[in-house]
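Next come the chains, spelled out residue by residue.
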Amino acid sequence: MELKVINQPSAGCPTSSCATRSAIGSSDQSSHLPDRVLEKVNNHPCFSEQAHHYYARMHVAVAPACNIQCHYCNRKFDCANESRPGVVSELLEPDQAVSKALAVAAEIPQTSVVGIAGPGDPLANPQRTFKTFRGLTKCAPDIKLCVSTNGLQLPQYVDELIKHNIGHVTITINCIDPAIGARIYPWIFWDHRRIRGEKAAKILIEQQLKGLEMLVERDVLVKVNSVMIPGINDQHLKAVSGVVKTKGAFVHNIMPLIAKPEHGTYYGLTGQRGPTEAELNALQEACSGNINVMRHCRQCRSDAVGLLGEDRSAEFTMDKLENKEIDHEAAMKRRAKMHKAIEGQRKMRGQARATFDSQKTDSTPLRYVDSKHASVRMAVATRGAGVINQHFGQASEFLIYEASPEGVRFLGYRKAGRYCSGVDNCGDSANGLSDTIRILHGCTVVLCSKIGIEPWNELESAGIIPNGEHADECIEEAVIEVYRELIESGALSPHDALYKGII
Ligand code: CLF
Ligand code: SF4
């Protein structure tokens, strides 16, 4: 049986439409989209799972006001439709936002997208939002622009978004049934007055779906975010997924509700729980037949900077940027060079993977991988570029992959506290290590570029196999290789897998 990468095929030739189809995930799921649309996702880290290994996004927090209330939001913090609650971003004036975006794009040349995602709703702050977009279009025309909205004012601003060349829009749609909506949104502000209950939810849903249709008609790529709220909309989100797919949404991002009393939100204070990882994965799985499902969202803050798995916002606060001088022309050239190098690298990896796949198929077929073998989860430490290139102790998150007789697929990520904070604190991190081992539950293997003897022993005692033998190798190829080795060595009988609770 041939093992292959299931939801993240090779990059292939970057100029062909197949390559772009590969970059976003399963070509079957994207086959309804025209090529010119598919090409737009190639370097957008949120719309393409593969691109998120290579390209960075930044948010500028210019939009303080909001026109609705969500039960998972506390206005003191960022818009939870795109961010983790409990995070406060530095509010910027539009000209400050443009300066900041230019500084970030100069220092992090992988930056391909600037988005506005809060701290309130961008379209409830149209002057500030569009002034920022105007400045960015003028000063950094090579950067994609992106916006995330609750959708209430979307139909009204679709033409303005098109005028500003916004190619990617996110709408948060948590339900298509006003009765469910009334349990999520206590009120909206519409037509100069506050409206409550099902009537409010009905207006919001109509506006969201109308805005979605209008954007799709104009060839804008739309991502739909939904917050999964157990007992409220969890059973309903499959229907949402079907409807937004029919209306032309490109990808569905189902995010877990995060509700803690200290966030001061209605759900946090009333004890509404978020979904477990298993519940979230099951819903994503159930929806994935309908539409592309995003699994790599980091629920990032409205001033996030850098690759999705890292947050470099603290390096770019306004006080740090005040005296920076930037040569914009040189920065644009550097970005172009960097993006060319990335595409070269993706192409090379695509070719290497094609060779790898054909060798496995033609000369050493994996005959021993049959359907009786269990699926295995592996945690991967990476700093990006699609390779295993991070020390175990320095990982602040692990990407989770599943290897099975059908192939390899990306399942999501898990946050970790860095176990190692440097030579000076060596040995002080026992708690960090046990926490990291705890978050790796259910994983059979952890792949990293290096690992010390102490964590190695602790992982082994916890029944997790540490592996540092695939440093700088492509993640999916290494996962396949290790899966094959596990089966070959007899370390992975179906019984073992069941025993460890991984299937
Ligand atoms: Fe920002 Fe959102 Fe654009 Fe991305 S984030 S406005 S689409 S550029 Fe991305 Fe961050 Fe998830 Fe958003 S990981 S929270 S999906
Ligand atoms: Fe909060 Fe965003 Fe909802 Fe507005 S749309 S209430 S900012 S989560």
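This write-up is about the structure you can find in this document.

Parameters at a glance
All chains use their own residue numbering, which begins from 1 and follows the written sequence. Whichever chain is written first becomes A and whichever ligand is written first becomes 1, with later ones labelled in order. pLDDT decides what is reported in this predicted model: residues at 70 or higher carry local features, side-chain atom pairs at 80 or more are listed and counted, and totals for whole chains, interfaces and linings draw on all residues regardless. Excluded from the side-chain calculation are hydrogens and water; included are all heavy atoms of the structure. For this purpose, a residue is taken to be near a molecule or strand whenever a single non-hydrogen atom of the residue falls within 4 Å of it. Gly is put with the polar residues, along with every residue not named as nonpolar or charged; the nonpolar set is Ala, Val, Leu, Ile, Met, Phe, Trp, Tyr, Cys and Pro, and the charged set is Asp, Glu, Lys and Arg. Each residue is placed in one exposure class: buried if its accessible area under a 1.4 Å probe, protein chains only, is under 20% of its type's maximum, exposed if it is over 50%, and partly exposed if it falls in between. Put simply, DSSP marks the helices as runs of H or I at least four residues long and the strands as runs of E at least two long, and each gets a number from the N terminus on. Between any two strands, at least two bridges found by DSSP are needed for them to pair. Looking down the strands as they point away from the viewer, one classifies a crossover as right-handed if the path from the first strand across the helix to the second runs clockwise. Convention adopted: a line fitted to C-alpha atoms gives each axis, helices being fitted over their contacting stretch, and angles between N-to-C directions are expressed from 0 to 180 degrees. When describing relative orientation, an angle under 35 degrees is termed roughly parallel and one over 145 degrees roughly antiparallel, while 65 to 115 degrees is termed roughly perpendicular and anything else oblique. Crossings are sorted by hand: turned counterclockwise from the far helix by less than a right angle, the near helix makes the crossing left-handed, and turned clockwise it makes it right-handed. We call two residues contacting when some pair of their heavy atoms lies within 4.5 Å. Put simply, two rings from Phe, Tyr or Trp (the six-membered ring, in Trp's case) pair if the centres are within 6.5 Å, and we call them stacked under 30 degrees between planes, edge-to-face over 60, tilted for the rest. Note on definitions: salt bridges are taken to be side-chain nitrogens of Lys or Arg within 4 Å of carboxyl oxygens of Asp or Glu. N or O atoms closer than or at 3.5 Å make up a polar contact, with two conditions inside protein: a donor-capable atom paired with an acceptor-capable one, and, for residues adjacent in sequence, both atoms drawn from side chains. To estimate the expected span of a helix, subtract one from its residue number and multiply by 1.5 Å.

For the rest of this paragraph, the subject is the site of ligand 1. The full set close to ligand 1 counts 16 residues, and Cys46, His59, Glu82, Cys146 and Cys300 are the nearest of them. Taken together, the residues of the shell around ligand 1 sort by class into 7 nonpolar, 5 polar and 4 charged.

A word on the pairing of strand β5 (residues 168–172). Along β5, 5 of the 5 residues are buried, which leaves the element largely enclosed by surrounding structure. Burial along β5 is two-sided: the face carrying His168, Thr170 and Thr172 and the face carrying Val169 and Ile171 are both buried. Strand direction decides the pairing type here: strand β4 (residues 144–149) and β5, joined by 4 bridges, are parallel. Considered in β5, the bridge of valine 147 is made with valine 169. For the crossover that starts at β4, traverses helix α6 (residues 154–163) and ends in the parallel β5, the hand is right-handed. Pairing between β5 and strand β8 (residues 221–228): 5 bridges, direction parallel. Each residue of the ladder has a partner; that of isoleucine 171, found in β8, is valine 224.

The next subject is the site of ligand 2. Residues in close proximity to ligand 2 total 13 residues, the closest being Cys66, Cys70, Cys73, Cys79 and Asn81. Residue classes in the shell around ligand 2 are distributed as 8 nonpolar, 4 polar and 1 charged.

Let us look at the packing of α6 against helix α8 (residues 197–217). For any two helices packed against each other, the geometry is given by the interaxial angle and the distance between the axes. Viewed as axis vectors pointing N to C, α6 and α8 meet at an angle of 20 degrees, and their least axial separation amounts to 8 Å. With respect to α8, the element α6 is oriented roughly parallel. For α6 against α8, the interelement crossing comes out right-handed. Along the contact surface, α6 presents Leu154, Pro155, Val158 and Leu161, while α8 presents Gln207, Lys210, Gly211, Leu212, Met214 and Leu215.

For the rest of this paragraph, the subject is the packing of aromatic side chains. Here a ring pair, both rings aromatic, is described through the centre-centre distance and the interplanar angle of the planes. Considering all chains together, one arrives at 6 aromatic pairs under this definition. Centre to centre, the rings of phenylalanine 130 and tyrosine 157 are 5.8 Å apart; their planes meet at 40 degrees, and the pair counts as tilted. With phenylalanine 130 in helix α5 (residues 126–139) and tyrosine 157 in helix α6, this pair connects stretches of sequence that are 27 residues apart. For the pair phenylalanine 130 and tyrosine 157, a shared accessibility class is recorded, and that class is buried. Taken together, the ring pairs in this structure connect Phe130, Phe133 and Tyr157 into an aromatic cluster.

This next bit is on the sheet that holds strand β2 (residues 68–69). Judged by pairing direction, the sheet is antiparallel, and its 3 strands sit side by side in the order β2-β6-β7 without closing on themselves. Only two strands of the sheet have a single neighbouring strand rather than two, namely β2 and β7 (193–196). The pairing of β2 with strand β6 (residues 187–190) spans 2 bridges and is classified as antiparallel. Paired with isoleucine 68 across the bridge in β6 is isoleucine 188. Contacts between α8 and the sheet are confined to β2, β6 and β7, with β7 contributing the most and set at about 105 degrees to the helix.

Moving on, we get to the packing of helix α4 (residues 94–107) against α5. Relative orientation of the contacting elements α4 and α5 amounts to 35 degrees, with a least axis distance of 8 Å. In this structure, α4 crosses over α5, and the sense of that crossing is right-handed. Residues Pro94, Ala97, Val98, Ala101 and Leu102 of α4 lie in contact with α5, whose contacting residues are Arg128, Lys131, Thr132, Gly135, Leu136 and Cys139. Looking at the contact of α4 with α5 residue by residue, the classes come out as 7 nonpolar, 2 polar and 2 charged.

The strand order β10-β9-β8-β5-β4-β3-β1-β11 describes an open sheet built from 8 strands, whose pairing is mixed. What marks the edges here is a single partner per strand, and that holds for β10 (292–294) and β11 (305–306). In terms of strand pairing, strand β9 (residues 251–256) meets β10 through 3 bridges, oriented parallel. Bridge pairing in β10 links valine 251 to asparagine 292. Running at roughly 170 degrees to β8, helix α9 (residues 237–246) makes contact with β8 and β9 of the sheet.

Applying the stated criterion across every chain, the model contains 20 salt bridges. For arginine 128, the salt bridge goes to glutamate 93, with nearest N and O atoms at 3.5 Å. Taken together, the residues arginine 128 in helix α5 and glutamate 93 in the loop between β2 and α4 connect sequence positions 35 residues apart. Notably, a salt bridge pairs arginine 301 with aspartate 303, separated by 2.6 Å at the nearest N-O pair. According to the relative accessible area criterion, aspartate 303 is buried, its value standing at 5%.

For asparagine 174, the position within the fold is in the loop between β5 and α7 (178–181). A distance of 2.8 Å separates polar atoms of two side chains, one belonging to asparagine 174 and the other to tyrosine 72.

Turning our eyes to something else, we now look at helix α16 (residues 475–488). In an α-helix there are 3.6 residues to a turn, and that puts residues three or four apart on one side. An ideal rise of 1.5 Å per residue puts 20 Å on 14 residues; α16 measures up with 20 Å between its terminal C-alpha atoms. Listing the buried residues of α16 in full gives Ile475, Glu476, Glu477, Ala478, Val479, Ile480, Glu481, Val482, Tyr483, Arg484, Leu486 and Ile487. Count one or two residues on from α16 and you reach glycine 490, which has phi positive near 80 degrees.

Here we come to the environment of glutamine 284. Mapping glutamine 284 onto the fold places it in helix α11 (residues 277–287). Looking at glutamine 284, the relative accessible area reads 4%, which means it is buried. For the pair glutamine 284 and leucine 411, spaced 127 residues apart in sequence, the C-alpha to C-alpha distance is 9.5 Å. Sequence-distant contacts of glutamine 284, that is, excluding residues within four places in its chain, are made with Ile254, Val293, Met294, Arg295 and Leu411.

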